[in-house]
Amino acid sequence: MSPRGPASLTHHTRQGDTTLVAVKIRLKRMGKIRAPHYRVVVVDSRKKRDGKVIEQVGKYHPKEEPSLIEVNSERAQYWLGVGAQPSEAVAAILKITGDWQKFKGLPGTEGTLKVKEPKRDKAEIFNEALKEAASEPKAEAVTKKSKKAEEKPAEDKAEEKTEAPAEAPAEDTAEKTDEPSEA
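Residues numbered from 1 in each chain as written. Predicted model: local features only at pLDDT ≥ 70, side-chain atom pairs only at ≥ 80, totals over all residues. Heavy atoms only, no water.

(A) Fine view of the sheet that holds strand E2 (residues 36-44). Judged by pairing direction, the sheet is mixed, and its five strands sit side by side in the order E4-E3-E2-E1-E5 without closing on themselves. The open sheet has two edge strands, strand E4 (68-71) and strand E5 (85-86), and neither has a second partner. Pairing of E2 with strand E3 (residues 55-61) involves five bridges; the strand directions are antiparallel. If you follow Arg39 over to E3, its bridge partner there is Lys59. Sheet strands in contact with helix H1 (residues 73-81) are strand E1 (23-31), E2, E3, E4 and E5, and its direction is about 120° off that of E3. (Pairing = 2+ DSSP bridges. Helix = DSSP H or I, 4+ residues; strand = E, 2+ residues; numbered from the N terminus. Contact = heavy atoms within 4.5 Å. Axes fitted to C-alpha atoms, helices over the stretch in contact; angles between N-to-C directions.)

As structure tokens, then:
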């Protein structure tokens, strides 16, 4: 066989031998067009971005405030230990969670992950509203007479007042126009 022929391209494996395959830890895009979220996955480097994965090790939701980052630290450490290479984006995520520092043996293994405040319990909110309502004086809660009934007589008086002054300025303007013509 020729060294340049197809026989040289084949890889002979014996039982127990494994071929070296580059494994990457990267993001798999999910979600809608303008609302993406990602899964942190371990995948063969030859696969497509959204192709079949070996294992999912975390989530990343960049549109939330603060961004949601969940990484299974134990599995990420395992895959980094067996040689999986993180993409640039995943390396940044692992630095935020502190997994990269833990793997490299660097200080700062607690990470810089910001955690969202836990959502308050509805029962707790309701009980606070009850306490506030109980502390308010009850005399003000009585309904007063509607303002519409009070305004009707006032409107009649206001109409009479507006009619009289409307005529007066017209006379004043006529007098004022006569005076400048005389001067």
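(B) Fine view of the pairing of E1. Summarising the sheet, E1 and E2 pair through nine bridges and their orientation is antiparallel. From the neighbouring strand, Gly31 faces E2, where its bridge partner is Pro36. Connecting E1 to the next strand, E2, in antiparallel fashion are four residues. Across two bridges, E1 lies against E5 in parallel orientation. Counted as the bridge partner of Ile25 is Pro86 from E5.

(C) Expanded view of H1. Within H1, burial applies to Ala76, Gln77, Trp79 and Leu80. Take H1 and look down its axis: the buried residues cluster within an arc of 165°, on one side only. Along H1, the residues that are exposed and aim more than 90 degrees away from the buried face are Glu74 and Gly81. Where H1 terminates, the next one or two residues include Gly83, which has phi positive at roughly 110°. (Buried < 20%, exposed > 50% of the residue type's maximum accessible area, 1.4 Å probe, protein only. Arc of directions from axis to C-beta.)

(D) The nonpolar core, seen in detail. Ranked by size, the top nonpolar core spans 18 residues in total, and within it Ile25, Leu27, Trp79 and Leu94 carry the most contacts. Those elements that provide at least two residues to this core are E1, E2, E3, E4, H1 and helix H2 (88-97). Excluding its chain neighbours within four sequence positions, the residues that come into contact with Trp79 are Val23, Ile25, Val42, Ile54, Glu55, Val57 and Ala84. (Core = buried A, V, L, I, M, F, W, Y, C linked by side-chain atoms within 4.5 Å.)

(E) The arrangement of a nonpolar patch on the surface in detail. Together, Ile96, Leu113 and Val115 give the surface a local cluster of nonpolar side chains, amounting to about 250 Å² of exposed area. Inspection of the secondary structure assignment puts Leu113 in the loop between helix H3 (99-104) and helix H4 (122-135). In this structure Leu113 comes out as partly exposed when scored by relative accessible area, which is 35%. (Patch = residues over 30% accessible without salt bridge, like charges linked within 9 Å, V, L, I, M, F, W, Y side chains within 5 Å. Areas by Shrake-Rupley, 256 points an atom, 1.4 Å probe, with all protein chains shown as cover. Salt bridge = Lys/Arg side-chain N within 4 Å of Asp/Glu carboxyl O.)

(F) Region of interest: the packing of aromatic side chains. Within the structure shown, the criterion is met by three aromatic pairs. An angle of 25° between the planes, with centres 6.0 Å apart, marks the rings of Tyr38 and Tyr60 as stacked. In this pair, Tyr38 is assigned in strand E2 and Tyr60 in strand E3, connecting sequence segments 22 residues apart. Overall, Tyr60 belongs to the buried group, its relative accessible area being 19%. (Phe/Tyr/Trp six-rings, centres within 6.5 Å; stacked < 30°, edge-to-face > 60°.)

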